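Tertiary structure, described
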Amino acid sequence: MSSAAQPKKRSTNQIKASQFTPHGVVDIWMEGRLMHYEATGPFNTELVDCLAIAQRDYLLATRPEGAWVSVCTLVGNAMSSPEGIARYAAIMAAPKPDNMIPVATAFVIAPDVEGGRIMAPQFAKIYADIDRPFQIFETMAAAQVWAEAMIEQAGTGDAAPT
């Protein structure tokens, strides 16, 4: 599919999923075989619900073909309410069509992101529970190297490095 036909960006700011105000914002866009999420927190359950809708709408519009990787960059604050992280875990574990599932997920959490160290093990558990390759990096450059390796391995059928 030509990049001109794909929506450029989707944002949780475009979604109204609840009478309550979402805390945080997530922007979604595709560059090549990487689906980027820029998540500015802190986050609550309402934001997670908006993210689920924005992500679904974006994937339905772009219909990625072949192997792709999601890369989430956390900005400012990584914290979520316990209800928000539980809702994110439930959404991640819910069944999805194959073309809507990345072969791996990377999070970019720079050392200055508030709550990054607190939330990192919770994110790692969510992805371990759904058996998806997952890594956390301090820089986008490192995440991209790993993501490209995941895409290449998905194409060859080799086991993913951990």
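Residues numbered from 1 in each chain as written. Predicted model: local features only at pLDDT ≥ 70, side-chain atom pairs only at ≥ 80, totals over all residues. Heavy atoms only, no water.

Description of the packing of helix α2 (residues 82–93) against helix α3 (residues 116–129)
- Contact pair α2 / α3: the axes reach a minimum separation of 9 Å and the direction vectors enclose 25°. One finds that α2 runs roughly parallel with respect to α3. Considering how the two elements wind past one another, α2 and α3 form a crossing that is right-handed. For the pair formed by α2 and α3, the contact residues are I85, Y88, A89 and M92 on the first element and M119, Q122, F123, I126 and Y127 on the second. (Axes fitted to C-alpha atoms, helices over the stretch in contact; angles between N-to-C directions. Helix = DSSP H or I, 4+ residues; strand = E, 2+ residues; numbered from the N terminus. Parallel < 35°, antiparallel > 145°, perpendicular 65-115°, else oblique. Left-handed = near helix turned anticlockwise from the far one by under 90°. Contact = heavy atoms within 4.5 Å.)

A word on the packing of helix α1 (residues 45–62) against α2
- Following both chains from N to C, one finds α1 and α2 inclined at 25°, their axes separated by 8 Å at the closest point. Put simply, α1 runs roughly parallel to α2. Residues T45, V48, D49, L51 and A52 of α1 form the contact with α2, whose own contacting residues are E83, G84, R87, Y88 and I91.
- For the contact of α1 with α2, the residue count by class is 5 nonpolar, 2 polar and 3 charged. (Nonpolar A, V, L, I, M, F, W, Y, C, P; charged D, E, K, R; others polar.)

Here we look at the confidence of the model for the protein chain
- When pLDDT is averaged across the protein chain, the result is 87; 84% of the residues are at 70 or more.
- Taken together, the stretch residues 1–5 has pLDDT below 50 and engages in 3 contacts with residues farther than four places along the chain or on a different chain. (pLDDT = per-residue confidence, 0-100.)

A few points about the pairing of strand β3 (residues 34–40)
- Counting buried residues along β3, 5 of its 7 residues qualify, which places the element largely inside the surrounding structure.
- Bridge count for strand β2 (residues 25–31) against β3 is 7 bridges, and the pairing is antiparallel. For V26, the partnering residue across the bridge sits in β3 and is A39.
- In terms of strand pairing, β3 meets strand β4 (residues 69–75) through 7 bridges, oriented parallel. Across the sheet, residue A39 finds its bridge partner in β4, namely L74.
- Taking the sense of rotation as the criterion, the β-α-β connection linking β3, α1 and β4 turns out right-handed. (Buried < 20%, exposed > 50% of the residue type's maximum accessible area, 1.4 Å probe, protein only. Pairing = 2+ DSSP bridges. Right-handed = clockwise from strand over helix to strand, strands pointing away.)

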